[in-house]
Amino acid sequence: MHSDLQYLKTRANFIRFSYIEEMEKHLLAFESRLSSKNIKVRWMMEEAEMVDFICKSMPKANYNKICFDCPKIPDGFFEKKNFIKQISIDAFEKNNDSAENLVVQADFGIVETGSIIFINKNSKNCFNNLEKIFIILNINDLIIRQNDLETLLFLQKKVNKSFQSDDIKIISSPPSRIIAKKFQMSNEDNYTLEKIEAYVLLYDNGITEILEDNVLRETLYCINCKKCKEVCPVYRQTKEFSPIELVKYHCREENMRNIKLFENTTLCGNCNEVCPVQINFTQLIINQMQKFSKRSHLHEKNMDIFKVFFKRSKMNKVNSKMRRYFFIRKYFGKNKKLTNYFSGCKENFFNISQKERHQKL
Ligand code: SF4
């Protein structure tokens, strides 16, 4: 069983590698497949640009009814209060309210077929009540072949069944909406189907910048399973950055002055073990730490912690209560959340228990 899992993870890593390494070529092929099926494609660099485009595409001068089914609603929409009326996803799903427009985040795009995959979306049964649908798809969330999807879904474990299950919706052409006919002859159907306007917004979201970095590029393999977050001892305590967020966004040049890297990792390696696409977080973080440690503006305290992390195998052996107390005070005294976390650790300093780790795998 373990070797099967290892095989699947290696396969998933290869699936992601194949796409990311030739992203541009595959994106262009995906775009042309969508366009041939009358799905309009727009390339978006930034969030503000995306909000602007969606608002300009809405038909009315004010109070366009819009529903969002995405993990985070772009902030820009909240400034357009007179222009849009937000319909809650619950009301939309239960048919208590209707929306003319939907903004929904897709989970995957499949290059080979030009299809878009939605997993566990509340709005999936309401697509045929809309006039316009705006599908946000991050440019790294594509895979080349449909066959590869099953492997990734199995590893994501967001769905337990096969990918025809109710949890998944696949669209390959604009959904149709049902229009009631006003007049009809007695033998005719009393409704017609009309294709709704569908836009796919290929969202850069800083991805092309990461792509240029040969080391950080590996972070684009992520399939958003959130397993690294669940096993991260620092995230559990601070609720600040999941391992992938930490590596992706806080290792970048422009964030270097507010660097959070040193305070938000213990280099325990739990995330490496659970990641279904085998992102090597520990190595990535150590690489970045080494890079930052050469910069002159780096605070001395960070350098100290950096050295400490390299001795982490020793740290796990600090078992006497007294030694542990002094150790924590010395190295983490100024960071209350981490102090609390380490003080509360009964067993090994950093590693989650074996049992817990196997549950996550
Ligand atoms: S474990 Fe983390 S980095 Fe790996 S795929 Fe899941 S969310 Fe992404």
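The shown structure was predicted, so the numbers you read here are calculated from the model rather than taken from an experiment.

1. Here we look at helix α3 (residues 47–56)
Piece 1. Residues of α3 that are buried include every one of Met50, Val51, Phe53, Ile54 and Cys55, and no others.
Piece 2. Where α3 is buried, its residues touch β1 (40–44), β2 (64–69), β4 (101–105), β7 (132–138) and β12 (197–203).

2. Remarks on the sheet that holds strand β6 (residues 115–119)
Piece 1. The strand order β8-β5-β6-β9 describes an open sheet built from four strands, whose pairing is mixed. This sheet does not close on itself; its edge strands, each paired only once, are β8 (142–143) and β9 (168–171).
Piece 2. Of the strands in this sheet, β5 (108–110), β6 and β8 are in contact with helix α2 (residues 23–36), which crosses β6 at around 95 degrees.

3. Observations concerning the pattern of salt bridges
Piece 1. The full count for this structure, using the stated rule, is 14 salt bridges.
Piece 2. The salt bridge involving Arg217 is made with Glu21; its shortest N-O contact spans 3.1 Å. Of this pair, Arg217 sits in the loop between α6 (207–211) and α7 (227–231) while Glu21 sits in helix α1 (residues 2–21), and the two are 196 residues apart along the sequence.
Piece 3. With its nearest N and O atoms 3.6 Å apart, the salt bridge here joins Arg145 to Asp148.
Piece 4. A relative accessible area of 36% places Arg145 in the partly exposed class.
Piece 5. What makes Asp148 buried here is its relative accessible area of 5%.
Piece 6. What you see here is one network of salt bridges that share partners, running through Arg11, Arg145 and Asp148.

4. Section: the packing of aromatic side chains
Piece 1. The tally for this structure, following the rule as stated, stands at five aromatic pairs.
Piece 2. Geometrically, the ring pair formed by Phe134 and Tyr199 is stacked, given 5.3 Å between the ring centres and 10 degrees between the ring planes. Taken together, the residues span a long stretch of sequence, with Phe134 in strand β7 and Tyr199 in strand β12 at a distance of 65 residues.
Piece 3. Take Phe134: its relative accessible area is 0%, and that puts it in the buried class.
Piece 4. Three or more aromatic residues link up through ring pairs in this structure, and these residues are Phe53, Phe134 and Tyr199.

5. Re the side chain of Lys227
Piece 1. Topologically, Lys227 is positioned in helix α7.
Piece 2. No salt bridge is formed by the buried Lys227, whose closest oppositely charged neighbour, Glu230, lies at an N-O distance of 7.4 Å.
Piece 3. Reaching out from Lys227, the side chain makes a polar contact with the backbone oxygen of Leu155 at a distance of 2.6 Å.

6. Digging into the site of the ligand
Piece 1. Cys222, Ile223, Asn224, Cys225, Lys226, Cys228, Ile244, Cys275, Pro276, Val277, Ile279 and Phe281 make up every residue found near the ligand.
Piece 2. Of the residues assigned to the shell around the ligand, the class counts are ten nonpolar, one polar and one charged.

7. What to know about helix α5 (residues 147–156)
Piece 1. A large share of α5 lies buried, amounting to seven of its ten residues.
Piece 2. Turning to α5, its buried residues number three or more, namely Asp148, Leu149, Thr151, Leu152, Leu153, Leu155 and Gln156.
Piece 3. Looking one or two residues past α5, Lys157 carries a phi angle of roughly 55 degrees, positive in sign.

What counts as what
Residues numbered from 1 in each chain as written. Predicted model: local features only at pLDDT ≥ 70, side-chain atom pairs only at ≥ 80, totals over all residues. Heavy atoms only, no water. Buried < 20%, exposed > 50% of the residue type's maximum accessible area, 1.4 Å probe, protein only. Helix = DSSP H or I, 4+ residues; strand = E, 2+ residues; numbered from the N terminus. Contact = heavy atoms within 4.5 Å. Pairing = 2+ DSSP bridges. Axes fitted to C-alpha atoms, helices over the stretch in contact; angles between N-to-C directions. Salt bridge = Lys/Arg side-chain N within 4 Å of Asp/Glu carboxyl O. Phe/Tyr/Trp six-rings, centres within 6.5 Å; stacked < 30°, edge-to-face > 60°. Lys, Arg positive; Asp, Glu negative; His and termini not counted. Polar contact = N/O pair within 3.5 Å; in protein donor to acceptor, adjacent residues only side chain to side chain. Near = heavy atom within 4 Å. Nonpolar A, V, L, I, M, F, W, Y, C, P; charged D, E, K, R; others polar.

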